[in-house]
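In case you want the letters, here they are:
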Amino acid sequence: MFRTIRTARSARTARSTRTAVAAALGALALTAVTAAAPAGATPTETTAAARVNGSARIHYAPSPNDDIRFTIDAEGVPYTHPVPGLPTGLPTDARGTVHFSHRTASGDLREADATVDCLATGGPVATLSAVITKSNGIPAGERIGLSIYDAHGHGRDRLGFSWGVANMDLDKDGNPYQPVVGTCMAPAPFAPVTRGTFTVHSVELTDAPS
């Protein structure tokens, strides 16, 4: 009889122990999840975003002795810039900053700051556009386009810029002029990086929110 009671008590004790362990593990898991997500965070806020970061000097073949540098900090924020006719914005909506400087061989310096408005990525390549906010060479309010190739350590990174070798059209009289740059529009990354690096974090485009 004592043996039977002891066996029953042992079974109940084992079940209680297993229940307590399971509860403790559940509490630890909940704590880990809570710690991983900031208070009030939504799935959109915690999802990895497309990014381009870095600072580098490039070699520009038409002016090989010039010192041309770009610093980029861009992040995708899909469907955050509503415009007339597109109340949800675009999957390529973005934010961030661009700074570039161009010192000629004769010592003249042109600089500009711009605000990123679009970012599209695909593998190691990204295109972005930004609107000039301050410059001594490009009018404020003008949009520029940049492309970036991230070589991931296998060769040189590369960059292209819309006013370098592309973005030309002809007017009705056949005269060339530089048209407006659309969002995320940029030439191929034609200029190799000679110092510094760029990093492209690619993310697939998402559907518009319902």
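No experiment lies behind these values; they were computed from the predicted model shown.

Enquirer: For the overall build of the protein, give the residues involved together with the corresponding values.
Expert: Secondary structure summary: the protein contains two helices and 10 strands in total. Across the protein, helices and strands are ordered from the amino to the carboxyl terminus as α-α-β-β-β-β-β-β-β-β-β-β. When burial is assessed residue by residue, the protein has 28% of its 210 residues classed as buried. Residue pairs at least 24 apart in sequence account for 54% of intrachain contacts in the protein once pairs closer than 6 positions are excluded. As presented, the protein carries roughly 12,900 Å² of accessible surface, and 58% of it is formed by carbon and sulfur atoms.

Enquirer: Residue-level account of the sheet that holds strand E10 (residues 191–201), with values.
Expert: Strands sit in the order E1-E2-E3-E4-E5-E6-E7-E10 around a closed barrel of eight strands; the barrel is antiparallel. With strand direction ignored, the average angle separating the axes of adjacent strands in the sheet is 30°. Where strand E7 (residues 158–161) and E10 come together, two bridges link them in antiparallel fashion. Each bridged residue has a counterpart across the sheet, and for Leu159 the counterpart in E10 is Ala191.

Enquirer: An account of the nonpolar core is requested, with residue identities and associated values reported.
Expert: If you look at the biggest cluster of nonpolar residues, it comprises 30 residues, and the most contacted ones within it are Val52, Phe70, Ile72, Val98, Leu128 and Ile148. Discounting residues that sit within four places of it in the chain, Ile72 has contacts with Val52, Asn53, Gly54, Thr97, Val98, Leu128, Leu146, Ile148, Leu159 and Phe198.

Cut-offs used in this document
- Residues numbered from 1 in each chain as written.
- Predicted model: local features only at pLDDT ≥ 70, side-chain atom pairs only at ≥ 80, totals over all residues.
- Heavy atoms only, no water.
- Helix = DSSP H or I, 4+ residues; strand = E, 2+ residues; numbered from the N terminus.
- Buried < 20%, exposed > 50% of the residue type's maximum accessible area, 1.4 Å probe, protein only.
- Contact = heavy atoms within 4.5 Å.
- Areas by Shrake-Rupley, 256 points an atom, 1.4 Å probe, with all protein chains shown as cover.
- Pairing = 2+ DSSP bridges.
- Axes fitted to C-alpha atoms, helices over the stretch in contact; angles between N-to-C directions.
- Core = buried A, V, L, I, M, F, W, Y, C linked by side-chain atoms within 4.5 Å.

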